[in-house]
Amino acid sequence: MSKMLEYTNINSPIHKLTGASKLIALIIWALASMITYDTRVLILMFILSIFVFKISKVEFKQVSFVLYFILIFLLLNNLAIFIFSPYEGVQIYGGRTDLFKIAGPYTLTLEQLFYQFNITLKYFSIIPMALLFMVATNPSEFAASLNKIGVSYKVAYSVSIALRYIPDVQRDYQDISFAQQARGIDMSKKERVTKRIKNSAAILMPLIFSSLDRIDTISSAMELRAFGKNKKRTWYSGRKFEKRDYIAILIVSLIFIVAIVATIVNHGRFYNPFI
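Residues numbered from 1 in each chain as written. Predicted model: local features only at pLDDT ≥ 70, side-chain atom pairs only at ≥ 80, totals over all residues. Heavy atoms only, no water.

- If you look the chain up in an unreviewed UniProt entry, it shows as Energy-coupling factor transporter transmembrane protein EcfT from Clostridium tertium.
- UniProt's Subcellular location (unreviewed entry) comment on the chain is quoted here verbatim: "Membrane". (UniProt positions renumbered as here; feature names shortened; annotations may be inferred.)

### Overview of the overall build of the chain
Next, step 1: Summing up its helical and strand segments, the chain has eleven helices and two strands in all.
Next, step 2: Each helix (α) and strand (β) of the chain, taken in turn from the N terminus, gives the series α-α-α-α-α-β-β-α-α-α-α-α-α.
Next, step 3: Structurally, the chain occupies a C-alpha span of about 65 × 55 × 35 Å along its principal axes.
Next, step 4: Counting contacts in the chain only where the partners sit at least 6 residues apart, residues at least 24 apart contribute 77% of the total.
Next, step 5: Split by element, the accessible area of the chain, about 16600 Å² in all, is 67% carbon and sulfur. (Helix = DSSP H or I, 4+ residues; strand = E, 2+ residues; numbered from the N terminus. Contact = heavy atoms within 4.5 Å. Areas by Shrake-Rupley, 256 points an atom, 1.4 Å probe, with all protein chains shown as cover.)

### Considering the layout of surface pockets
Next, step 1: Its volume calculated, the second largest pocket comes out at about 460 Å³.
Next, step 2: Elements supplying a minimum of two residues to the lining of the second largest pocket: α1 (13–16), α2 (19–35), α3 (39–55), α6 (110–135) and α11 (243–265).
Next, step 3: Here the element with the most residues in the lining of the second largest pocket is α11; it accounts for five residues.
Next, step 4: Looking at the lining of the second largest pocket residue by residue, the classes come out as 18 nonpolar, no polar and two charged. (1 Å grid on protein atoms, 1.4 Å probe; cavity = no way out; pocket = protein on both sides within 12 Å on 5 of 7 lines; lining within 4 Å. Points joined across faces, edges and corners; volume = space filled by probe spheres on them. Nonpolar A, V, L, I, M, F, W, Y, C, P; charged D, E, K, R; others polar.)

### Focus on the packing of aromatic side chains
Next, step 1: Summed over the entire model, instances satisfying the criterion amount to twelve aromatic pairs.
Next, step 2: Ring geometry for Phe60 and Tyr68: centres 6.1 Å apart, planes at 70°, overall edge-to-face.
Next, step 3: Exposure remark for Tyr68: the relative accessible area of 47% places this residue in the partly exposed category.
Next, step 4: Between the aromatic rings of Tyr93 and Phe270, the centroid separation amounts to 6.1 Å while the plane-to-plane angle is 90°, which identifies the pairing as edge-to-face. A residue pair is termed long-range when its members are at least 10 positions apart, and Tyr93 in helix α5 (residues 88–93) and Phe270 in the segment after α11 qualify at 177 residues.
Next, step 5: On the basis of relative accessibility, which here comes to 5%, the residue Tyr93 falls in the buried class.
Next, step 6: Following the ring pairs from residue to residue traces out a cluster consisting of Tyr37, Tyr93, Phe114, Tyr115, Phe270 and Phe274.
Next, step 7: The ring of Tyr271 carries the charged tip of Arg40 above its face, separated from the ring centre by 3.9 Å.
Next, step 8: One cation-aromatic arrangement involves Lys122 over Tyr37; the distance from NZ or CZ to the ring centre is 4.3 Å. (Phe/Tyr/Trp six-rings, centres within 6.5 Å; stacked < 30°, edge-to-face > 60°. Buried < 20%, exposed > 50% of the residue type's maximum accessible area, 1.4 Å probe, protein only. Lys NZ or Arg CZ within 6 Å of the ring centre and 35° of its normal.)

### A short note on the packing of α2 against α6
Next, step 1: Closest axis-to-axis distance for the α2/α6 pair is 10 Å, and the angle between their directions is 170°. By the angle between their axes, α2 is roughly antiparallel relative to α6. In this structure, α2 contributes Gly19, Lys22, Leu23, Leu26, Trp29, Ala30, Ser33, Met34 and Ile35 to the contact, and α6 contributes Lys122, Ser125, Ile126, Met129, Ala130 and Phe133.
Next, step 2: Taken together, the residues of the contact of α2 with α6 sort by class into ten nonpolar, three polar and two charged. (Axes fitted to C-alpha atoms, helices over the stretch in contact; angles between N-to-C directions. Parallel < 35°, antiparallel > 145°, perpendicular 65-115°, else oblique.)

### Quick notes on the pairing of strand β2 (residues 106–109)
Next, step 1: Note that strand β1 (residues 98–103) and β2 share four bridges and pair antiparallel. The residue bridging Phe100 from the neighbouring strand is Leu108, located in β2.
Next, step 2: Hairpin connection of β1 to β2: two residues between the antiparallel strands, including Gly104 at a positive phi of 55°. (Pairing = 2+ DSSP bridges.)

### Points about the packing of α3 against α6
Next, step 1: For the pair α3 and α6, interaxial distance at closest approach is 9 Å and the crossing angle is 25°. Considering their axes alone, α3 and α6 lie roughly parallel with respect to each other. Viewed along their axes, α3 and α6 form a crossing whose handedness is left-handed. On α6, the residues that touch Thr39, Leu42, Ile43, Met45, Phe46, Ser49, Ile50, Val52 and Phe53 of α3 are Phe114, Phe117, Asn118, Leu121, Lys122, Phe124, Ser125, Pro128, Met129 and Leu132.
Next, step 2: Looking at the contact of α3 with α6, its residues break down into 14 nonpolar, four polar and one charged. (Left-handed = near helix turned anticlockwise from the far one by under 90°.)

### Description of the nonpolar core
If you look at soluble globular proteins, the nonpolar side chains tend to sit buried side by side.
Next, step 1: Ranked by size, the top nonpolar core spans 36 residues in total, and within it Trp29, Met45, Leu131, Leu132, Phe142 and Trp235 carry the most contacts.
Next, step 2: Of all elements in the fold, only α2, α3, α4 (64–84), α6, α7 (139–148), α8 (153–182) and α11 reach the threshold of two or more residues within this core.
Next, step 3: Core analysis: the second largest hydrophobic core is formed by six residues, Tyr37, Ile81, Tyr93 and Ile119 among them. (Core = buried A, V, L, I, M, F, W, Y, C linked by side-chain atoms within 4.5 Å.)

Laid out in structure tokens, this is it:
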């Protein structure tokens, strides 16, 4: 079973960046993606995100499950947009070019298709960067980064523990799954989907109880060490910014400026090729 969203220490330009610089870059990148609906800018961001993911040397299998889950959600989201607002693109772009009638009041228009294509591009521009941040940032360093930008160290430490806990949950799930299969509970693809969902309850309950037990152990250990007594704390994994960190933030800031300029030039968030 491959590990999902688990930090791996790889010798890549992305891993060498500090957690704080990666967090700042991700926030700026997300803001740029939210600001604009300019197709040209979103395509540029998508290409850059794929390039950054490539040079990070992170294996696709580490993020594949989460990525497929997000893509399913994206498909449902696009479907819902069309069902509840089939002419949103027509209103935004001020024109109507019918492609073909589907049924009843639903007609697929070129403007609606273009609008939902931009929404999909938004997802594709931010998802690789967000997933990469999770697998290329040491949880302890991430906590130090959050604290460095002003987040309470208690909250930062909680996030760090949550990220560290992901591999533990996966390992427990695998162990419990093997134990239940040894008892004759079939979880393979040979069983019907409904039967597999029902059998998964045999894994879910032990997993929940083992998770609660681990939470209790960690909480007791933190209380014994007087965690939270002081208002501030130092971080062993915290690092100072280097030249490459400033360069990364500068590049992302330029993308953000491009998004703002595109919004001003387009007199709004939307690029309208139908004019």
